[in-house]
Amino acid sequence: MKKNKHIKKCVIGALAILPLLTTGCKESWLDPKPLSFYTPENTYVDANGLYAAIVACERNMRHEYFGDLSPILTEMYTSDIAVHGKTDESGSLVDFDNYMIPTQSRSDAKNKMKWYWDEGFKGIKYANIVISRLDAATFKDEAERNAVLGAAYFQRAYRYYKLTHQFGDVPFLDKEITSPKLDFYSHDRWSILEQCKSDMEFAWQWVPEKVDRGKTSKAACGVLLMKIYMCLGEFDRAIEVGKEIVANNPLMTSRFTTNKTKPNTNLMHDLHSVEAKMDMSNTEGLMYVVSYPDVEGRDRIQTMRNATPYWAKGAAIMTPAGETGTAISPASADKETEIDNDFNVGRGIGTCRPTNYYQYEIWTDKEKNDLRGPNNHDSWRRMTDLYYNEPGLKSKSEWYGKHLVRPVNISVSDSVRCWFMWPHYKIFVPDPTKATDRSGGETPWYIYRSAEVYLMLGECYYWKDQPQEAANMLNVVRERAGAEPLTASEINIGAILAERARELYYEENRHVELVRIAYTYAKLGKSCEVFGGRVYKLDNISGPGGTGSNVKEMGYNFWYDWMMTHNNFFRDGVEIAYGKYRISVHHILWPIPNTAISTNTGGVINQNIGYPGAENNITPLKVGEEAPAK
């Protein structure tokens, strides 16, 4: 208890003196704030003090997944698996041509792109505090020092891996900034990834395997190192690391939590339950973010609110007789029974709307027995599994207590937001503190699992043109779930992405991974078999350039081609009240926030091709290269 109090005191002190990134027109990114009693001189003096800054990084990792309209949703909306489904909201991530522009890159409930920019650099800042102050601290031995440094390297590389796939060329900060700075320059993304590779090779060597839940482990370092190796085309090295990870961290293949005694559950319920993520016998979880009582900055995951349909919308869910059909609470006698939709699936608002690709296309005859798929009614829920439970219907309507029937004349907007299937086994997180309007409670959440490592190994073999080995890796994950094995002839990038979607929904940064693959195709010049042998190039990956052109021609990058093939909303230009789902080639990368560029008066931060301001770009620096003379 005394140790925990000491750590908490260090965290409070560390956070009090950390300057916040700002974006106001009259503020620098790194305006210093008044020092608290816990100054750097008496906080960052040993491993515990430096770990306090790393705790701040871990806290920010949690914010990506937790809360209403969490940032991870923006990653999903810019991918093939989901779209923004709140059809009553203007200015949301629906019409990218009109809304995804630098001046609209604000961090609000509808768009968290700027959140990723701001919070990415906050995490980098915290990590750099540790890296810069390491030599002034005291450690019991070299191993302790290097473990702290390795954890800081992980936190910095974790942000840069995302930033270089979300925003491309970005400023690389390698040390603590202790005074206002307005002369940042963009750095070439490839040189950033090379630096991250070197850092993560060090972390892989020194960060310990056994750590507290939510802390950086050796295996987590290995996963990030694999991803960076894959970006750089070093597939043999990625395979070497991946094999070591899965040898030490096997998949969970047998039921292992108290859920195994509950009816209508299976291994997937076990694996994704709160109990599983807290169970220290869980060998599959490699890194987590955590939120539960006594955790600083705790929050609710709210997956049930974000990712289930807006079933309580009275105007959309009507009985066949034309009566309002559903309510958050049924008649009092029926609370917490089978017809209490809120109790059994959570109170959704339909923000995250899965595409047809995720709901239907990836579930073939080979997945008819897949525990992760909609054919398993224990794992997935349909609207027709819910009940008419509006209290006013009781005793006067034959429909009270009966399953929903799809309305004949449901509007496009209501069908988008109020009527779809969802993976109940993954997003149902009970909240014992709430008696109604349940949105998803406190829980650890997976960042990395061994299952993803197998899928990455399979992808490495794909890039190496070894389809049988790729199938072998994917089949480890498939067979655990009950799917039929793939053959070598069925291996292509589509099979790999489908398996990632089945396994990693609401876990992976799906947009980041699609962009990584797009860059890999362009870097290697490998023909893409799912698009008839199409070959991509790096020099026009964002399209032909020009601002406001909104190019919609296929062939420039894999991300756009894949999206227009598999995201039915953007492909079909589905229209709702506040616009049409539209994307363009250059949206592969998000716009650099205009405020980051305009307030950086002493340097040059480039804008991405296709967005206003890109005409002012200069050649980005390489990491280690000096900024141009004034």
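So, how was this worked out
- Residues numbered from 1 in each chain as written.
- Predicted model: local features only at pLDDT ≥ 70, side-chain atom pairs only at ≥ 80, totals over all residues.
- Heavy atoms only, no water.
- Helix = DSSP H or I, 4+ residues; strand = E, 2+ residues; numbered from the N terminus.
- Rg over C-alpha atoms; globule rule 2.2 N^0.38 Å.
- Buried < 20%, exposed > 50% of the residue type's maximum accessible area, 1.4 Å probe, protein only.
- Contact = heavy atoms within 4.5 Å.
- Areas by Shrake-Rupley, 256 points an atom, 1.4 Å probe, with all protein chains shown as cover.
- Lys, Arg positive; Asp, Glu negative; His and termini not counted.
- Charge placed at Lys NZ, Arg CZ, Asp CG, Glu CD.
- Phe/Tyr/Trp six-rings, centres within 6.5 Å; stacked < 30°, edge-to-face > 60°.
- Lys NZ or Arg CZ within 6 Å of the ring centre and 35° of its normal.
- Salt bridge = Lys/Arg side-chain N within 4 Å of Asp/Glu carboxyl O.
- Core = buried A, V, L, I, M, F, W, Y, C linked by side-chain atoms within 4.5 Å.
- Axes fitted to C-alpha atoms, helices over the stretch in contact; angles between N-to-C directions.
- Parallel < 35°, antiparallel > 145°, perpendicular 65-115°, else oblique.
- Left-handed = near helix turned anticlockwise from the far one by under 90°.
- Nonpolar A, V, L, I, M, F, W, Y, C, P; charged D, E, K, R; others polar.
- Expected span 1.5 Å × (residues − 1).
- Polar contact = N/O pair within 3.5 Å; in protein donor to acceptor, adjacent residues only side chain to side chain.
- pLDDT = per-residue confidence, 0-100.
- Disulfide = S-S within 2.5 Å.
- Pairing = 2+ DSSP bridges.

Explanation requested: the overall build of the chain in the structure shown.
Helix and strand counts for the chain come out as 24 helices and 6 strands. For the chain, the C-alpha radius of gyration of 24 Å lies close to 25 Å, the compact-globule estimate for 630 residues. With the principal axes as the frame, the chain shows a C-alpha extent of 80 × 60 × 55 Å. Taking all 630 residues of the chain together, the buried fraction comes to 61%. For the chain, long-range pairs separated by at least 24 residues make up 72% of all intrachain contacts whose partners lie at least 6 apart in sequence. Total accessible area computed for the chain in this model is approximately 23400 Å², and 50% of it derives from carbon and sulfur atoms. For the chain, the centre of its 75 positive side-chain charges and the centre of its 80 negative side-chain charges are spaced 3 Å apart.

I keep staring at the packing of aromatic side chains and nothing clicks. Help me out?
Under the definition given, this model contains 30 aromatic pairs. An angle of 35° between the planes, with centres 5.0 Å apart, marks the rings of Y160 and F172 as tilted. Here the residue Y160 occupies a position in helix α7 (residues 142-166), and F172 occupies one in the loop between α7 and α8 (189-206), the gap between them amounting to 12 residues. For Y160, a relative accessible area of 0% puts it in the buried group. Take F172: its relative accessible area is 9%, and that puts it in the buried class. Geometrically, the ring pair formed by Y357 and W562 is edge-to-face, given 6.0 Å between the ring centres and 85° between the ring planes. Residue Y357 is found in helix α15 (residues 356-361), and its partner W562 is found in helix α22 (residues 558-566); the two are separated by 205 residues along the sequence. Looking at W562, the relative accessible area reads 3%, which means it is buried. The rings of F235, Y357, Y462, W463, Y521, F531, Y536, F558 and W562 are connected pair by pair, giving a single aromatic cluster. Across the ring face of W190, the terminal group of R189 is positioned such that the distance to the ring centre comes to 4.6 Å.

Which parts of the structure should I look at to understand the pattern of salt bridges?
Where charged atoms from two side chains of opposite charge approach closely, those side chains can pair. Counted under the stated rule, the structure contains 57 salt bridges. Between R255 and D270 there is a salt bridge, with its nearest N and O atoms 3.0 Å apart. With a gap of 15 residues between them, R255 in the loop between α10 (235-248) and α11 (267-271) and D270 in helix α11 connect regions that are remote in the sequence. Taking the relative accessible area as the measure of exposure, R255 reaches 27% and is therefore partly exposed. The exposure class assigned to D270 is buried, which follows from its relative accessible area of 0%. Via salt bridges that share partners, E284, E367, D370, R372, K426, R449, R478, R480, E499, R502, E503 and E507 belong to a single interconnected network.

It is not clear to me how the nonpolar core should be interpreted in this structure. Could you clarify?
Nonpolar side chains in soluble globular proteins generally cluster together in the buried interior. Y160, Y448, I493 and F558 are the most contacted members of the largest nonpolar core, which totals 170 residues. Those residues within four positions of Y160 in sequence are excluded, and the remaining contacts are F121, I124, V170, P171, F172, L173, I192 and C196. Judged by nonpolar contacts, the second largest core, of 16 residues, contains F139, L149, A151 and Y153.

In this structure, what is going on with the environment of P374? I would like to understand it.
Mapped onto the secondary structure, P374 falls in the loop between α15 and α16 (412-418). The class for P374 is buried, based on a relative accessible area of 5%. Residues P374 and K122 lie 252 residues apart in sequence; the distance between their C-alpha atoms is 39 Å. Non-local contacts of P374, meaning those with residues more than four positions away in its chain, are made with Q359, W363, W380, R382 and M421.

Looking at this structure, I do not really get the side chain of D199. What am I missing?
With respect to the helices and strands, the residue D199 is situated in helix α8. Taking relative accessible area as the criterion, D199 reaches 4% and is therefore assigned buried. Those residues in contact with D199 that lie beyond four places of it in its chain are Y153 and R156.

Sorry, what's going on with the environment of A316 here?
For A316, the position within the fold is in the loop between α13 (303-307) and α14 (341-345). The exposure class assigned to A316 is buried, which follows from its relative accessible area of 5%. Measuring from C-alpha to C-alpha, the distance between A316 and P444 comes to 34 Å, with 128 residues separating the pair along the chain.

Help me understand the packing of helix α3 (residues 47-63) against α7 in this model?
When two helices pack together, their arrangement is captured by the angle between the axes and the distance separating the axes. For the pair α3 and α7, the least separation of the axes is 10 Å and the interaxial angle reads 25°. Comparing the axis directions of α3 and α7 gives the class roughly parallel. Crossing handedness for the pair α3 and α7: left-handed. Here α3 contributes A47, L50, Y51, I54, C57, E58, N60 and M61 to the contact with α7, which in turn contributes E144, A147, V148, A151, A152, Q155, Y158 and R159. Residues belonging to the contact of α3 with α7 are distributed by class as follows: 11 nonpolar, 2 polar and 3 charged.

I would appreciate a short explanation of helix α20 (residues 493-504) in the present structure.
Structurally, the α-helix is built with 3.6 residues per turn, so residues lying three or four positions apart point the same way. If you check α20, its first and last C-alpha atoms are 16 Å apart, about what 12 residues at 1.5 Å a residue would give, namely 16 Å. The element α20 is extensively covered by neighbouring structure, given that 12 of its 12 residues are classed as buried. The set of residues buried in α20 consists of I493, G494, A495, I496, L497, A498, E499, R500, A501, R502, E503 and L504. With a side-chain oxygen lying 2.9 Å from the backbone nitrogen of G494, the N-terminal cap of α20 falls on N492. Following α20 by one or two positions, Y506 has its phi on the positive side, about 65°.

Can you help me understand the confidence of the model for the chain in this one?
Fine structural detail should not be taken from predicted coordinates in areas where pLDDT scores are low. Looking at the chain as a whole, the pLDDT averages 92, with 93% of positions reaching at least 70. Across residues 1-38, where pLDDT falls below 50, the model places 74 contacts with residues more than four positions away in sequence or in other chains.

Mind showing me how you'd approach the state of the cysteines here?
Following the criterion strictly, the structure yields 0 disulfides and no others. In this structure C352 is not part of a disulfide, and its nearest cysteine sulfur, from C418, lies 15 Å away. We classify C352 as buried; its relative accessible area is 0%. Owing to a relative accessible area of 0%, C418 belongs among the buried residues under this scheme.

Any chance you could explain the pairing of strand β2 (residues 285-289) here in plain terms?
Looking down a regular strand, the side chains alternate between one sheet face and the other. Summarising burial for β2: 5 of the 5 residues are buried, a large majority. When β2 meets strand β4 (residues 445-449), the two strands line up antiparallel, connected through 4 bridges. Bridged to Y288 within β4 is Y446.

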